Amino acid sequence: MGAAAETMSRAEELLSRHPTPAGGSWFGRAIADAELRFTGMGAPKKRDEYWKYTDPAPLLDVPAHPGSDQLSAAALSLEDPIRLVFVDGRFDADASDPLEGPGLVIDLLSDAAKTDIHWAKDMYGVLETAGQDPVHRPLAALNTARASEGLCIHVIGTATRPIYIQYLCTEKTDEVFLHHVVKVDSDAEATLIEETAGSGRSNTQIELQVAEQGAVHHIRIQAPEHEVVRHSHLFARLAKECAVKSLTISVNGRFTRNEAVVTFTGDRASAHIAGATAGDGTGFHHDDTVFVTHDAVDCESRQVFKKMLKNGATGVFQGKILVQPNAQKTDGYQISQGLLLDDDSQFLAKPELEIYADDVACSHGSTVGAIDEEAVFYLTSRGVPRHQAVEMLVLAFLGEAIEEVEDSGLADHLMSRLTGWMKALGPA
């Protein structure tokens, strides 16, 4: 069997492993199109350009990890959030708040899929399809083809209550697919927070469309469960003068790959994508892959990714800024840094710039190194124990990514959570 036929056969096997979601005519067409995309691309392989640092096997093999419900109801301190809970991929109405809030219209994907007319039909799978060019993202197409649940969030004004989505896993499960569609109207604004807990495997996706002068603050918290395998996609399309900020905090986990695909279609828009990661152990593998396309004038993109790795952990960053010919006055910035606390850990980086406009200010940088021993000596000479000194320096290192959060109270809380997790990991 040839390589192309083998990957297509693997894709068909993956599709057959999961039931086809039920829905009406528009949803059925979207699923059928996604199935064709997935089988046409085939399952990802280690030799693929954007998988060469990350073996996709943990996302493809049959998982057999016991689940655990370890996320408390008060896991994140928020003022009057809209708390929406998914357990093993199913919406838990009893544990959730009503699907409503100021400036918001929220439906379950499973309910929207049954209707003949719903605004989500113009978005479901659309941004994912566009995000397949120029780089194939087959597992995003698999998500579109097999996600039976998620949220359809229409932001019609200023959402005064943050949307707080919790993912719990309580039983041995084959795989969880969740797909959210978020539409933000002109001059509308919302805060969206995701938090994962429990072990198992998940494939989650957000398609985010932001209209003129809209704003979205997105935070993803990937809690410190050792055996979890997770893959996420964020596809964002930005119109004129809108703003998107997305931060992911990850601690531990056996395998994580987070992909962000951002496209500027309107002038004077901005997007900040950031990540703070702490990994421990030879089984830890964490991959951030970002692709930002500037296709409008005077837009700003910023990528800030920090990874602390110890005891043989592996971190990966792949980030690209593509500036199209018409995207003059682009301001693109990208920084990725790995902090290695031992000789067995590794940080693999692939920063890229591809520029076809001549009036731009774009830069990227990637560094990897050990802890600053002079700084450690400075702190220990003033009575700070070495393990505490290292912890302080690591938190300062990761804190630059958390500074991307505009809400200072929420940023402080996230830093406090990260501090607790770092203590739980133990000394370097």
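Heads up: these notes are all about the structure in this document. Not measured: the values here are computed from a predicted model. (Residues numbered from 1 in each chain as written. Predicted model: local features only at pLDDT ≥ 70, side-chain atom pairs only at ≥ 80, totals over all residues. Heavy atoms only, no water.)

**Section: the packing of helix α7 (residues 373-380) against helix α8 (residues 386-402)**
Inference 1: Between α7 and α8, the shortest axis-to-axis distance is 9 Å and the interhelical angle comes to 125 degrees. On the basis of the axis angle, α7 is oblique to α8. Where α7 crosses over α8, the handedness of that crossing is right-handed. In contact with E373, A375, V376, L379 and T380 of α7, α8 contributes R386, A389, V390, M392 and L393.
Inference 2: Of the residues that constitute the contact of α7 with α8, the class distribution is seven nonpolar, one polar and two charged. (Axes fitted to C-alpha atoms, helices over the stretch in contact; angles between N-to-C directions. Helix = DSSP H or I, 4+ residues; strand = E, 2+ residues; numbered from the N terminus. Parallel < 35°, antiparallel > 145°, perpendicular 65-115°, else oblique. Left-handed = near helix turned anticlockwise from the far one by under 90°. Contact = heavy atoms within 4.5 Å. Nonpolar A, V, L, I, M, F, W, Y, C, P; charged D, E, K, R; others polar.)

**Thoughts on the pattern of salt bridges**
Inference 1: Summed over all chains, the structure comprises 25 salt bridges.
Inference 2: R90 is the partner of D88 in a salt bridge, and the nearest nitrogen-oxygen pair spans 4.0 Å.
Inference 3: By sharing partners, the salt bridges in this structure join R10, E13, R17 and D61 into a single network. (Salt bridge = Lys/Arg side-chain N within 4 Å of Asp/Glu carboxyl O.)

**Some remarks on the environment of S381**
Inference 1: Among the structural elements, S381 can be located in the loop between α7 and α8.
Inference 2: Relative accessible area serves as the criterion here: at 42%, S381 is assigned to the partly exposed category.
Inference 3: Put simply, S381 and K307 are 74 residues apart on the chain and 27 Å apart in space, counted from C-alpha to C-alpha.
Inference 4: Among the polar contacts listed, one links the side chain of S381 to the backbone oxygen of Y378, at a separation of 2.8 Å. (Buried < 20%, exposed > 50% of the residue type's maximum accessible area, 1.4 Å probe, protein only. Polar contact = N/O pair within 3.5 Å; in protein donor to acceptor, adjacent residues only side chain to side chain.)

**Digging into the sheet that holds strand β12 (residues 243-251)**
Two pairing modes exist for strands in a sheet, parallel and antiparallel, and in both the strands are linked by backbone hydrogen bonds.
Inference 1: A sheet is described by the order of its strands in space; here ten strands give the open sequence β2-β1-β6-β8-β10-β12-β14-β16-β18-β20, paired in mixed fashion. Pairing within the sheet leaves two strands with one partner each, and these edge strands are β2 (90-91) and β20 (360-370).
Inference 2: Of the pairings in the sheet, the one linking strand β10 (residues 215-222) to β12 comprises eight bridges and is parallel in character. Bridging from a neighbouring strand, A215 pairs with A243 of β12.
Inference 3: Sheet contacts for helix α9 (residues 408-425): β8 (189-196), β10, β12, β14 (270-280) and β16 (300-310); angle to β12, the most-contacted strand, approximately 20 degrees. (Pairing = 2+ DSSP bridges.)

**Section: unusual backbone geometry**
Across residues other than glycine, the phi torsion is negative in most instances, and most of the peptide bonds are trans.
Inference 1: Here the residue pair D133 and P134 is connected by a cis peptide bond, since its omega of 10 degrees sits within 30 degrees of zero.
Inference 2: Relative to the elements of secondary structure, P134 occurs in the loop between α5 (126-130) and α6 (138-146).
Inference 3: Not every positive phi belongs to a glycine, and D88 is a case in point at roughly 55 degrees.
Inference 4: Looking at where D88 falls in the secondary structure, it is placed in the loop between β1 (82-87) and β2.
Inference 5: When its relative accessible area of 7% is taken as the criterion, D88 is described as buried.
Inference 6: With a phi angle near 65 degrees, D187 is a residue other than glycine that sits in the positive phi range.

**Points about the environment of Q205**
Inference 1: Secondary-structure assignment places Q205 in strand β9 (residues 201-210).
Inference 2: Along the chain, Q205 and A113 lie 92 residues apart, while their C-alpha atoms are 16 Å from each other.
Inference 3: Sequence-distant contacts of Q205, defined by excluding residues within four places in its chain, comprise E128, A140, N143, T144, L178, H179, H180, H233 and F235.
Inference 4: Here A140 takes part through its backbone oxygen, which lies 3.0 Å from a polar atom of the side chain of Q205.
Inference 5: In terms of polar contacts, Q205 uses its side chain to reach the side chain of N143, at 3.1 Å.

**A look at the environment of Q334**
Inference 1: Of note, Q334 is situated in strand β18 (residues 330-340).
Inference 2: Linking Q334 and V210, residues 124 residues apart in sequence, is a C-alpha distance of 22 Å.
Inference 3: Side-chain polar atoms of Q334 contact the side chain of Q303, separated by 3.3 Å.

**Quick notes on the pairing of strand β7 (residues 176-184)**
Side-chain positions along a regular strand alternate between the two faces of the sheet.
Inference 1: Within β7, eight of the nine residues are buried, leaving the element largely enclosed by the surrounding structure.
Inference 2: The sheet contact formed by strand β5 (residues 151-155) and β7 spans four bridges and is parallel. Looking at the pairing, V155 lines up with V184 of β7.
Inference 3: Relative to β9, β7 is paired through nine bridges, and the arrangement is parallel.

**With respect to the sheet that holds strand β11 (residues 229-238)**
Inference 1: Strands sit in the order β3-β4-β5-β7-β9-β11-β13-β15-β17-β19 across an open sheet of ten strands; the sheet is mixed. One side of each edge strand has no neighbouring strand; the edge strands of this open sheet are β3 (100-101) and β19 (346-355).
Inference 2: Sheet topology places β11 next to strand β13 (residues 255-264); ten bridges connect them, and they run parallel. If you follow V229 over to β13, its bridge partner there is F255.

**Points about the nonpolar core**
Inference 1: Ranked by internal contacts, the top residues of the largest apolar core, which has 47 residues, are I153, L208 and L238.
Inference 2: With four residues, the single largest contributor to this core is β7.
Inference 3: Not counting the four nearest positions on each side in its chain, I153 is found in contact with L104, V105, I106, W119, I163, V181, V182, K183 and L192. (Core = buried A, V, L, I, M, F, W, Y, C linked by side-chain atoms within 4.5 Å.)

On their own, these measurements won't tell you what the molecule is for.
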